[in-house]
Amino acid sequence: MMLTTNPFDDDKLHEECAIFGIRGTKDAAAHTVLGLHAQQHRGQEATGIVSTDGDEFKVHRAMGHVGDVFGKPQVMETLEGIAAIGHNRYSTTGESGLRNVQPIYADFEFGGLALAHNGNLTNALQLRKELVHRGSIFQSTTDTEVIVHLLATSRGPVTERLITALRLVEGAYSLVLLTKRKLIGVRDPRGVRPLVLGKLGDAYIFASESVALDIIGAEKVRDVEPGEMITIDENGINSQFPFNRQEKRFCIFEYVYFARPDSVLENKSVYEARKRIGEELARENPVEADVVVPIPDSGVPSAVGYAQESGIPFEYGIIRNHYVGRTFIEPTDEIRHLGVKLKHNANRHYIEGKRVILVDDSIVRGTTSRKIVEMVREAGATEVHMRITSPPTAHSCYYGVDTPERQSLLAAQHNIKEMCKLIGADSLGFVSIDGLYRAMGEANRDKEHPQYCDACFTGDYPIENVDANSGDSAKLTLLREQVR
Ligand code: SF4
């Protein structure tokens, strides 16, 4: 079960997780703190770091933001070492709570190992049941722990065990792993979640997003390829592709919403992609209006694009309060009623008497959109036109993004006209799926072989959700054969 800690965020798609790993510097943990801090937007519930000096492992994990958890010198003094990995968590599987905070650490016959995961495994429940049946004792309720138990039941050196384990799992994963001697980064064969490789002096780095490299002054070497496993140790860097090659299906929603705009993913600037989506949106959904207003933060670059393409002035007509914490507010009913206003406030001067185009990234349940439209009308807008920088979100994500059940998604239940009425706007327009692909630099979406994962818009899932389907999967049979 998933708990939401911020009552004002429950209508957004939640970020997934961030991972970071570094080997080859004496300040490994301090660099990891910075790398996690730059990726705070991907998970704000909990954070953790495991470091090693080549002899021992040090672990610190806690609920809360990176700055709060690692801002104390006495904590950092315990995390010495030349290598470290870290994780920011937003729970996508498993309940909230300290026992689910990553990196996971375990002792094996080959020594200690720490593991951090961004993504979601789609056959974790099935594998877990089988492992429990065989005597494994799970410490957490996360899908990631399945990998730890598969490592324990495999044979050989750690890289061979990891290959054996990952051949048994289905789903989306970018992983960093740390042993006394090695730092390993690996990405699933579809490359659904991001993972970049960087370098700082003699140190190598893995991170979910390139902004984590920028903050420590590291250079981006390249993206880790889908299905690639990179091992870094005293012998240098080694790359291998141990899994069956599959078509790449990177998450297109990283560009729309999740990633930071100053990140470069798969050699594409997120800011540039968002701006181009705004341009497509303006071409596909024109309307006469006086001002283009982003719903901050992710709507900002797209609103710039919309304004430039349409020739309608851009203004910050809504201001975001960045200091609404996720956990520290214990709302009373009255405060809860204020809802969206705690996070967003209308900048009345730029709205009053105006026909306003609002630009947002998505509509999930529709409750936030309705409140924002209401707030903009209360501030004196004469018309409110909502423009959305993704196609309607009509399907749930199984690959590491926390979406509600399908029946709770507004677009799964209503057509655009009905949605418009429900959120109280004068008009509502979404970028088309082909418009989204054009913004990515493609001619259109290849229907036979889509260039990205876009399942939450199209229902075209690139990886089977094994746990949702009945019956034993081929990988479960493989696991049974391996441990027989
Ligand atoms: Fe991204 Fe949507 Fe695919 Fe999930 S279903 S990985 S959010 S594109």
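Being a predicted model, the structure only gives us computed values, none of them experimental.

1. Some points on the site of the ligand
Residues in close proximity to the ligand include V192, R193, C251, I252, F253, C397, Y399, V401, C453, D454, A455 and C456, which together make up its full environment. Counting atoms within 2 Å of the grid points, the majority share of the ligand lands in the largest cavity. Residue classes in the shell around the ligand are distributed as ten nonpolar, no polar and two charged.

2. Remarks on empty space enclosed by the protein
Taken as a whole and assessed by the stated rule, the structure comprises two cavities of 30 Å³ or more. By volume, the largest cavity amounts to about 110 Å³. Residue lining of the largest cavity: 18 residues in total, with C251, F253, C397, C453 and C456 positioned closest to the centre. Among the secondary structure elements, those contributing two or more residues to the lining of the largest cavity are helix 8 (253-258) and helix 16 (455-458).

3. Examining the sheet that holds strand 1 (residues 17-23)
Strand order across the open sheet formed by seven strands is 3-2-4-1-10-9-11, with antiparallel pairing between neighbours. Of all the strands in the sheet, the pair left with one neighbour each is strand 3 (57-63) and strand 11 (219-223). For this sheet, the mean angle separating the axes of adjacent strands, direction not counted, is 15 degrees. The pairing of strand 1 with strand 10 (residues 203-207) spans four bridges and is antiparallel.

4. Observations concerning the domain arrangement of the chain
Splitting the chain by domain gives domain 1 (17-249) and domain 2 (265-458). Once you take the C-alpha centre of each, domain 1 and domain 2 turn out to be 32 Å apart. In this assembly, 19 residues from domain 1 lie in contact with 14 residues from domain 2. Counting the surface lost from both domain 1 and domain 2, the interface buries some 1,500 Å², and carbon and sulfur atoms represent 48% of this. Residue R187 is joined to E266 by a salt bridge in which the shortest nitrogen-to-oxygen separation is 2.9 Å. Those elements that place two or more of their residues in the side of domain 1 that touches domain 2 are strand 6 (111-121) and strand 11. Within the side of domain 1 that touches domain 2, the residues separate by chemical class into four nonpolar, seven polar and eight charged.

5. What about the sheet that holds strand 6?
The strand order 5-6-7-8-12-13 describes an open sheet built from six strands, whose pairing is antiparallel. Each having just a single partner strand, strand 5 (104-108) and strand 13 (236-240) make up the two edges of the open sheet. Taken pair by pair, the neighbouring strands of this sheet meet at an average axis angle of 20 degrees, ignoring direction. Against the sheet, helix 6 (residues 158-168) touches strand 6, strand 7 (171-178), strand 8 (183-187), strand 12 (229-233) and strand 13, its axis set at about 20 degrees to strand 8.

6. Re the pairing of strand 10
As a general feature of sheets, a regular strand has side chains that alternate between the two faces. Taken across its five residues, strand 10 has five buried, putting it largely inside the fold. Neither face of strand 10 is exposed, since A203, I205 and A207 on one face and Y204 and F206 on the opposite face are all buried. Counted between consecutive antiparallel strands, the loop separating strand 9 (residues 196-200) from strand 10 contains two residues, among which G201 sits at a positive phi close to 60 degrees.

7. Side note on the side chain of H344
Among the secondary structure elements, H344 is positioned in strand 19 (residues 344-346). Side-chain polar atoms of H344 contact the backbone oxygen of P296, separated by 3.2 Å. For H344, the contacting residues outside a window of four places in its chain are I295, P296, I318, I319, R320, I372 and M375.

8. Quick look at the packing of aromatic side chains
Evaluation of the coordinates by the stated rule reveals twelve aromatic pairs. Seen in terms of ring centroids, F253 and F258 are 5.1 Å apart; in terms of plane orientation they differ by 80 degrees. Their pairing is edge-to-face. F258 matches F253 in its accessibility class, with the two residues each being buried. Seen in terms of ring centroids, Y437 and Y452 are 5.7 Å apart; in terms of plane orientation they differ by 75 degrees. Their pairing is edge-to-face. Here Y437, found in helix 15 (residues 433-439), pairs with Y452, found in strand 23 (residues 452-453); they are 15 residues apart in sequence, far enough to count as distant. If you follow K199 out to its NZ or CZ, it ends over the ring of Y204, 4.9 Å from the centre. Sitting over the ring of F241, R245 keeps its end group 4.3 Å from the ring centre.

What counts and how
- Residues numbered from 1 in each chain as written.
- Predicted model: local features only at pLDDT ≥ 70, side-chain atom pairs only at ≥ 80, totals over all residues.
- Heavy atoms only, no water.
- Near = heavy atom within 4 Å.
- 1 Å grid on protein atoms, 1.4 Å probe; cavity = no way out; pocket = protein on both sides within 12 Å on 5 of 7 lines; lining within 4 Å.
- Sits in = over half its atoms within 2 Å of the grid points.
- Nonpolar A, V, L, I, M, F, W, Y, C, P; charged D, E, K, R; others polar.
- Points joined across faces, edges and corners; volume = space filled by probe spheres on them.
- Helix = DSSP H or I, 4+ residues; strand = E, 2+ residues; numbered from the N terminus.
- Pairing = 2+ DSSP bridges.
- Axes fitted to C-alpha atoms, helices over the stretch in contact; angles between N-to-C directions.
- Domains from an automatic or database assignment.
- Contact = heavy atoms within 4.5 Å.
- Buried area = accessible area lost by both parts, 1.4 Å probe.
- Salt bridge = Lys/Arg side-chain N within 4 Å of Asp/Glu carboxyl O.
- Buried < 20%, exposed > 50% of the residue type's maximum accessible area, 1.4 Å probe, protein only.
- Polar contact = N/O pair within 3.5 Å; in protein donor to acceptor, adjacent residues only side chain to side chain.
- Phe/Tyr/Trp six-rings, centres within 6.5 Å; stacked < 30°, edge-to-face > 60°.
- Lys NZ or Arg CZ within 6 Å of the ring centre and 35° of its normal.

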